[in-house]
Protein chains: 2
Amino acid sequence: MIKIVLDAMGGDNAPKAIIEGAYLALEEMDEIEITLVGNEEAIMPFYHEHPRLSLKFTTEVIEMAESPVRAIQKKKDSSIVVGMNMVKNKEADAFVTAGSTGAAIAGGTLLIRRIKGIQRPALAPMLPTRTGGQLLLIDCGANVDCKSSFLKQFGIMGSIYMERVMGIKNPRVCLINNGAEEEKGNALTKEAYQLLKNTDCINFTGNAEGRDVLSGDFDVAVCDGFVGNVFMKSIEGFAAMLMGMLKDSLMSSWKSKLGAILSKKAFAALKKKMDYTEYGGSPLLGINGCVIKSHGSSDAKTIKNSIRQAELFIKRDVVRVISEGIAVQIDPEEEE
Amino acid sequence: MIKIVLDAMGGDNAPKAIIEGAYLALEEMDEIEITLVGNEEAIMPFYHEHPRLSLKFTTEVIEMAESPVRAIQKKKDSSIVVGMNMVKNKEADAFVTAGSTGAAIAGGTLLIRRIKGIQRPALAPMLPTRTGGQLLLIDCGANVDCKSSFLKQFGIMGSIYMERVMGIKNPRVCLINNGAEEEKGNALTKEAYQLLKNTDCINFTGNAEGRDVLSGDFDVAVCDGFVGNVFMKSIEGFAAMLMGMLKDSLMSSWKSKLGAILSKKAFAALKKKMDYTEYGGSPLLGINGCVIKSHGSSDAKTIKNSIRQAELFIKRDVVRVISEGIAVQIDPEEEE
């Protein structure tokens, strides 16, 4: 049995959608057990007994606006700290949360801690590509100031994750850059390019400009967490903007209104394709355990998909594979 | 008369679209004179006499793939070098080119040179916003490695440009960052935030996350050239991707196909709104003259709009205003 701790308190739709997601997951997956962690009065209205569902009550809640590191250190009886500690103490295999991204990163790093040889854990969301595939963006916000050696490790970890969990053979790794040519880049990406190029265990295919990242030509896109954050939020915002403008435009005449009604299914199909909720959550890679950060606006289905990711993460032994992959790469001078 | 030098050789549709753009501009604007610069055999097939159009023939062409700095230094008889030198020597007021961005930046910086006190010139494209307005993104590729003091100057220059050329009163300046709160950011943006906040001559409204940059809440978005490049190319690529996927989706059934036909005008209206060709070119701000970089795929209308921008740039005396604006800001230690 794979033991998953699920944060009942995190996310815009908690606790209802989270708990519903737990039941969906239990229905679909036979080899998991779930422990719901959170405040009793929040959980109980949505809870009903299930042979593979247990409860662990906490008294504190980490709010989105709190300083993540301080919250992790102070709120020992919050769902995030309790859940992380269960993974750390091997009482559970994986922790899934839709709560504060900062707290998930801080908790994973401070409580579960880094794999030996890993300089920085990274948060790695999955994005839909033009050709219907998926791309792992690593890092997306855990590390806003990076050294090139961090980026090399992101490439290795991302490649391992895509191969083991997502079943992509020999994943194509690119570096997000301001030009496709090898000599392009800022100080960081120029150095990182050379390191990635000389990393034998990955299939590094070179630089990708912003416009090509989601083309379908790549499976893993490496960048520092600042650039990853700007990249992901920009396209997220731009998609909403474009859809809003299209709606305004379609509503401006009866003819186009009728057209929009006839095309309704096509719009819905596109929306589904672009929908992050289909893709589950972002693993925090590089720590000694499995933490999956589900999107803040996760619904029950997203939570179920995030739990599925956690299950695969454990079954495919991602921590051990990353640990072994990094061990052969360790340059004693790089380690901190 | 405002004297504009137009690069006949630059851009995907040169020389035809460029020269057609020149005639369009001459028709619309009475107070300009244009000098077309480029190779004789390229220009002549599309040329006919006009009282305010003159020619200057060159023999060399800077290709898109060339190293910009080397090309500027070596190809003295290329349209870009000759055009830039005409601005430098006050034979012309402004240079408009749809050629290599790198060469335009290198040429502007090496030949026309920086305004006293400006640490780095910046390329500043205009992007459409959700609310139908425009946003100046500064810097977008001229400086991939920035100090915070550069970003402060980008804020000042961008603000001056939007006020003088685009007629926006008290432009709202934001800093592109990985979070909205003041304490968010990487080392660079944390420092830049404090500098921008303490710059009295601009209306600094704080951080903008990727998703909010184009919301319509801001007129100028400050970032380093690497982030600006990734931001702009990402949304450009994402728009194309989304439209492509929507098209596939609409073509998947006869009903949605019919819907698409009925909605054709609405799609066209949206496309027009999102179309950079409507917005002309990107000024290279911070040099001792006016250089407008028009998009590589400029058509005649884009060229005309870029010429319009150059005209306003000169009429509104942007170089002098930036020069005065920076003079009061100069900290002798910051200067390089």
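Within each chain, residue numbers correspond to sequence positions counted from 1 in written order. As a convention, the first chain written is A and the first ligand written is 1, with the rest following in written order. Under the rules for a predicted model, residues below a pLDDT of 70 receive no local features and side-chain atom pairs below 80 are neither given nor counted, while totals for whole chains, interfaces and linings still include all residues. By convention in this description, side-chain values take in all heavy atoms of the structure and omit both hydrogens and water.

J.: Whenever I open this one, the overall build of chain A confuses me. Can you help?
T.: Secondary structure elements are taken from DSSP: a helix is a run of H or I of four residues or more, a strand is a run of E of two residues or more, and numbering for both begins at the N terminus. Within chain A one finds 12 helices and 12 strands. Computed over its C-alpha atoms, the radius of gyration of chain A comes to 20 Å, within 12% of the 20 Å expected for a compact globule of 336 residues. Principal-axis analysis of the C-alpha atoms places the extent of chain A at approximately 70 × 60 × 35 Å. Taking all 336 residues of chain A together, the buried fraction comes to 58%. Any two residues whose heavy atoms approach within 4.5 Å are treated as being in contact. The contacts of chain A with a sequence gap of at least 6 include a subset with a gap of at least 24, amounting to 68%. All accessible-area figures derive from a Shrake-Rupley calculation using a 1.4 Å probe, and residue coverage is judged against the displayed protein chains alone. Carbon and sulfur atoms make up 50% of the accessible area of chain A, which amounts to about 13700 Å² in all. For the radius of gyration, the atom set is restricted to C-alpha positions; the globular benchmark scales as 2.2 Å times the number of residues to the power 0.38. Burial here depends on accessible area, computed with a 1.4 Å probe over protein chains only, as a share of the maximum for the residue type. Under 20% is buried, over 50% is exposed, and the range in between is partly exposed.

J.: Looking at this structure, how should I read the interface of chain A and chain B?
T.: It is common to give the size of an interface as the accessible area that goes away when the parts come together. Across the boundary between the two partners, chain A contributes 50 residues, which contact 50 residues of chain B. By buried area we mean how much accessible surface two parts lose on assembly, using a 1.4 Å probe and totalling the loss over both. Carbon and sulfur atoms make up 71% of the surface buried where chain A meets chain B, a total of about 4700 Å² over both sides. Here a salt bridge means any side-chain nitrogen of Lys or Arg lying within 4 Å of a carboxyl oxygen belonging to Asp or Glu. Inspection of the chain A/chain B interface yields 6 salt bridges. Among the ionic pairs, Glu236(A) bridges to Arg211(B), the shortest N-O distance being 3.4 Å. Two N or O atoms count as a polar contact when they lie within 3.5 Å, although within protein this holds only if one can serve as hydrogen donor and the other as acceptor, and sequence-adjacent residues are included solely when both atoms are side-chain atoms. In this assembly, chain A and chain B are joined by 14 residue pairs in polar contact (both at pLDDT 80 or more). For the side of chain A that touches chain B, the secondary-structure elements that each account for two or more residues are helix 7 (187-197), helix 8 (225-250), helix 9 (254-262) and helix 10 (264-273) of chain A. Per-element accounting of the side of chain A that touches chain B gives the leading share, 21 residues, to helix 8 of chain A. In this count, Pro and Cys sit with the nonpolar residues alongside Ala, Val, Leu, Ile, Met, Phe, Trp and Tyr, while Asp, Glu, Lys and Arg are called charged and the others, Gly among them, polar. Looking at the side of chain A that touches chain B, its residues break down into 26 nonpolar, 15 polar and 9 charged.

J.: Quick question: what am I supposed to make of the pairing of strand 11 (residues 282-285) of chain A here?
T.: Regular strands place their side chains on alternate faces of the sheet. Residue and element names in this part refer to chain A. The two faces of strand 11 match: Ser 282 and Leu 284 on one face and Pro 283 and Leu 285 on the other face are all buried. A pair of strands counts as paired when DSSP detects no fewer than two bridges linking them. Bridge analysis of strand 5 (residues 122-123) against strand 11 gives 2 bridges, and the strand direction is antiparallel. In the sheet register, Leu 123 faces strand 11, and the bridge partner there is Leu 284. The hairpin formed by strand 11 and strand 12 (residues 290-293) contains 4 residues between the paired strands, and Gly 286 there has a positive phi angle of roughly 110°.

J.: Looking at this model, I keep getting lost on the environment of Leu136(B). Mind explaining?
T.: All names here are of chain B. Within the secondary structure layout, Leu 136 lies in strand 7 (residues 134-138). You can call Leu 136 buried: its relative accessible area is 0%. Along the sequence, Leu 136 and Asp 77 sit 59 residues apart, while their C-alpha atoms lie 33 Å from each other. Look past the residues within four positions of Leu 136 in its chain and what remains in contact with it is Ala 124, Pro 125, Met 126, Gly 158, Tyr 161, Met 162, Asp 219, Val 220, Ala 221 and Leu 285.

J.: Whenever I open this one, the sheet that holds strand 10 (residues 220-222) of chain A confuses me. Can you help?
T.: Either a parallel or an antiparallel arrangement is found when strands of a sheet pair, and the pairing is made through backbone hydrogen bonds. All names here are of chain A. Here we have 5 strands laid out as an open sheet, ordered 6-7-10-8-9, and mixed in their pairing. Here the strands that pair on one side only, and so sit at the sheet edges, are strand 6 (126-128) and strand 9 (203-208). Ignoring which end each strand starts from, the neighbouring axes of this sheet average 30° apart. The pairing of strand 8 (residues 172-176) with strand 9 spans 4 bridges and is classified as parallel. In this description, a line fitted to the C-alpha atoms serves as the axis of each element, helices being fitted only across the stretch in contact, and the angle between N-to-C directions of two axes falls anywhere from 0 to 180 degrees.

J.: Sorry, what's going on with the packing of helix 4 (residues 79-88) of chain B against helix 5 (residues 101-112) of chain B here?
T.: Any two packed helices are characterised by how steeply their axes cross, that is the angle between the axes, and by the distance between the axes. Residue and element names in this part refer to chain B. Put simply, helix 4 and helix 5 touch, their axes get as near as 10 Å, and they point 40° apart. Helix-helix and strand crossings are classified by hand; for helix 4 and helix 5 the assignment is right-handed. Residues Ile 80, Val 81, Met 84, Asn 85, Val 87 and Lys 88 of helix 4 lie in contact with helix 5, whose contacting residues are Ala 103, Ala 104, Gly 107, Gly 108, Leu 111 and Ile 112. When the residues that make up the contact of helix 4 with helix 5 are grouped by side-chain class, the tally is 8 nonpolar, 3 polar and 1 charged. Take the far helix as the reference: if the near one is turned anticlockwise from it by less than a right angle, the crossing is left-handed, and if turned clockwise, right-handed.

J.: Help me understand unusual backbone geometry, please; the structure alone is not making it clear to me.
T.: Peptide bonds are trans in most cases, and residues, glycine excluded, mostly fall at negative phi. Here Ala14(B) and Pro15(B) are connected by a cis peptide whose omega angle stands at -5°. Residue Ile138(B) is joined to Asp139(B) through a cis peptide bond whose omega torsion reads 15°. Tracing the backbone through its elements, the reader meets Asp139(B) in the loop between strand 7 and helix 6 (148-164). Of note, Arg113(A) is a non-glycine position whose phi angle comes to about 75°, a positive value. Looking at where Arg113(A) falls in the secondary structure, it is placed in the loop between helix 5 (101-112) and strand 5.

J.: Help me understand the pattern of salt bridges, please; the structure alone is not making it clear to me.
T.: Working definition: two side chains of opposite charge can pair if their charged atoms are close together. Residue and element names in this part refer to chain A. Applying the stated criterion to the full structure yields 32 salt bridges over all chains. A salt bridge links Lys 197 to Glu 182, with the shortest nitrogen-to-oxygen separation between them at 2.9 Å. Pair noted here: Lys 197 is in helix 7 and Glu 182 is in the loop between strand 8 and helix 7, with a separation of 15 residues, a long-range link. Overall, Glu 182 belongs to the partly exposed group, its relative accessible area being 31%. Salt bridges linked by common partners bring Glu 28, Glu 31, Lys 304, Arg 308, Glu 311 and Lys 315 together as one network.

J.: Help me understand helix 7 (residues 187-197) of chain B in this model?
T.: Count 3.6 residues to each turn of an α-helix, and residues three or four apart come out pointing the same way. Every buried residue of helix 7 of chain B is accounted for by Leu188(B), Thr189(B), Ala192(B), Tyr193(B) and Leu196(B). Taken end-on, helix 7 of chain B shows its buried residues confined to a sector of 130°, consistent with a single buried face. In the core, the buried residues of helix 7 of chain B are packed alongside helix 8 of chain A together with helix 6, strand 8 (172-176), strand 9 (203-208) and strand 10 (220-222) of chain B. Taken from the helix axis, the directions to the C-beta atoms give the arc we talk about.

J.: How should the environment of Lys315(A) be read in this particular structure?
T.: All names here are of chain A. Tracing the backbone through its elements, the reader meets Lys 315 in helix 11 (residues 300-315). The class for Lys 315 is partly exposed, based on a relative accessible area of 41%. Within the structure, Lys 315 has its side chain in polar contact with the side chain of Glu 31 (distance 3.1 Å).

J.: For this particular structure, what's the right way to read the relation of the copies chain A and chain B?
T.: Both copies of the chain are placed relative to one another by a rotation about an axis and a shift along it. By a simple turn and slide, chain A fits onto chain B: the slide is 0.0 Å along the axis, the RMSD is 0.0 Å, and the turn is 180°. Such a turn and shift between the copies fits a two-fold axis. Residues of chain A ranked by C-alpha distance from the rotation axis are headed by Gly259(A), positioned 1.8 Å from it. When the interface residues of chain A are mapped onto chain B, 100% of them again fall at the interface, so both copies present the same face. We place the copies in one frame by least squares, fitting the C-alpha atoms of every residue whose pLDDT is at least 70 in both.

J.: What is the right way to read the nonpolar core from this model?
T.: Taken as a class, soluble globular proteins show a tendency for nonpolar side chains to be buried jointly. What we call a nonpolar core is a set of buried Ala, Val, Leu, Ile, Met, Phe, Trp, Tyr and Cys residues that are connected through their side-chain atoms within 4.5 Å. Within the largest apolar cluster, 60 residues are counted, with the highest numbers of intra-cluster contacts made by Leu137(A), Leu214(A), Leu137(B) and Leu214(B). Every element with two or more residues in this core is listed here: strand 7 (134-138), strand 8, helix 8 and helix 10 of chain A together with strand 7, strand 8, helix 8 (225-250) and helix 10 (264-273) of chain B.

J.: How do you make sense of helix 10 of chain A when you look at a structure like this?
T.: Those residues of helix 10 of chain A that fall on the buried side of the exposure criterion are Ala266(A), Phe267(A) and Leu270(A). All buried residues of helix 10 of chain A fall inside an arc of 100° around its axis, so they share one side. Opposite the buried face of helix 10 of chain A, by more than 90 degrees, sit the exposed residues Lys264(A), Lys265(A), Lys271(A) and Lys272(A). Those residues of helix 10 of chain A that are buried are in contact with helix 8 and helix 9 of chain A together with helix 8, helix 9 (254-262) and helix 10 of chain B.

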